[in-house]
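Here's the letter readout for the chains.
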Amino acid sequence: MSSVLTDLFPHPIVQAPMAGGVSVPQLAAAVSDAGGLGFLAAGYKTADGMYQEIKQLRGLTSRPFGVNLFLPQPETADPAAVDVYAHQLAGEASWYETELGDPESGRDDGYDAKLAVLLDNPVPVVSFHFGVPAREVIDSLHRVGTLTFVTATTAEEARAVERAGADVVIAQGVEAGGHQGTHRDIPETDGTGVGLLSLVAQVRESVGIPIVAAGGIMRGGQIAAVLAAGASAAQLGTAFVTAHESGAHALHKQALTNPLFVRTELTRAFTGRPARALVNRFLREHGPYAPAAYPEVHHLTAPLRQAAAKAGDAQGLALWAGQGHRMARELPAGQLVEVLVAELAAARTALSAGGAR
């Protein structure tokens, strides 16, 4: 690994920040204590809620960890398209006996307030999704001793990350579960994302900063592959959803390996932005009609997803999952890190032996 990263965590394993309640302090602490880099997800939380989780995490581990922020999104949604989608979802609201959410509930996710907290109470790493923070934001975090990671889904985006002064670029392949971290939401490019190994190679030839590879990684052998392609570490999300410490809903954990859910798909059905999830009834019925409207659609469907969880109905949940979801293992997070490290070592030994013949 790059020395920038080895000073933080000895094993090249980053636990992806998964918003919506998955990346709880207990999960991040277990990963960090095992030698990886645990992450909290500040998305969809208030600034105080984020601060309280940071306090809790600091009480659980003395190891470095990270906090992820969503960047505010430009107002590009067509209100008429959101209204049409709300009309299409009326049957869901009736079925789950709830009201649709207010699509105008806010679009900046409390970004400025969260930044203020992180500058007053610095953490080792802050990462960003959905764009590149302003240079002055990155500089201000550097001044308080915080490293900055930024997601990119193309080599062009990675160059923008480097120009902004970030320390690390997270190269996110199209295989990744949850939201694609594209810097601009362009509906015409839906489904045209680059696979992880190709992306890492392209980014490696485009920037000089360390790369963390993300997208469908579930085994140590895959970590070895992205390291060989030029990454310094791997970020795993879906692999940690089923960890004992994960805050994911039990239905979500079970669905990853349930033969009823055979594939994943990028969809706007739940949030209005492309995100990879297991194909269920809600995705099939509403994905084709969901508008490009984030976070309006997220706010609109939030009560539906909450009601589906309460009803124990996995067919109404956003079952975020990467393409490797069937390889998920139900283990304590620390043990999973140990297994991944052992698999990585075995893969490297096999590669060395092959090269020696």
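Residues numbered from 1 in each chain as written. Predicted model: local features only at pLDDT ≥ 70, side-chain atom pairs only at ≥ 80, totals over all residues. Heavy atoms only, no water.

Undergrad: Is there a simple way to explain the sheet that holds strand 10 (residues 264-267) in this structure?
TA: Within a beta sheet, neighbouring strands are joined by backbone hydrogen bonds and run either parallel or antiparallel to one another. The three strands lie next to each other as 7-11-10, forming an open sheet whose pairing is antiparallel. At either end of the open sheet lies a strand with only one pairing partner, and these are strand 7 (178-179) and strand 10. Sheet analysis places strand 7 next to strand 11 (residues 275-278), joined by two bridges and oriented antiparallel. Looking at the pairing, H179 lines up with A275 of strand 11. (Pairing = 2+ DSSP bridges. Helix = DSSP H or I, 4+ residues; strand = E, 2+ residues; numbered from the N terminus.)

Undergrad: Where do I start with the nonpolar core in this structure?
TA: In summary, soluble globular proteins display a tendency toward joint burial of nonpolar side chains. Formed by 99 residues in total, the largest nonpolar core has its most connected members in V67, L69, F128, V169, I223, L236 and F240. In terms of residues, this core owes the most to one element, helix 15 (residues 333-356), which gives six residues. Here L236 is in contact with I13, V14, Q15, A16, I217, M218, I223 and L340, once residues within four sequence places are set aside. Judged by nonpolar contacts, the second largest core, of 14 residues, contains L5, V14, V212 and A214. (Core = buried A, V, L, I, M, F, W, Y, C linked by side-chain atoms within 4.5 Å. Buried < 20%, exposed > 50% of the residue type's maximum accessible area, 1.4 Å probe, protein only. Contact = heavy atoms within 4.5 Å.)

Undergrad: Explanation requested: helix 7 (residues 135-143) in the structure shown.
TA: Residues spaced three or four apart along an α-helix point in a common direction, a consequence of the helix completing one turn every 3.6 residues. Buried residues of helix 7: V137, I138, S140 and L141, and no others. Relative to the axis of helix 7, the buried residues are bounded by an arc of 160 degrees and lie together on one face. Projecting away from the buried face of helix 7 at angles above 90 degrees are the exposed residues E136 and R143. Where helix 7 is buried, its residues touch helix 6 (111-120), strand 4 (125-129) and strand 5 (147-152). (Arc of directions from axis to C-beta.)

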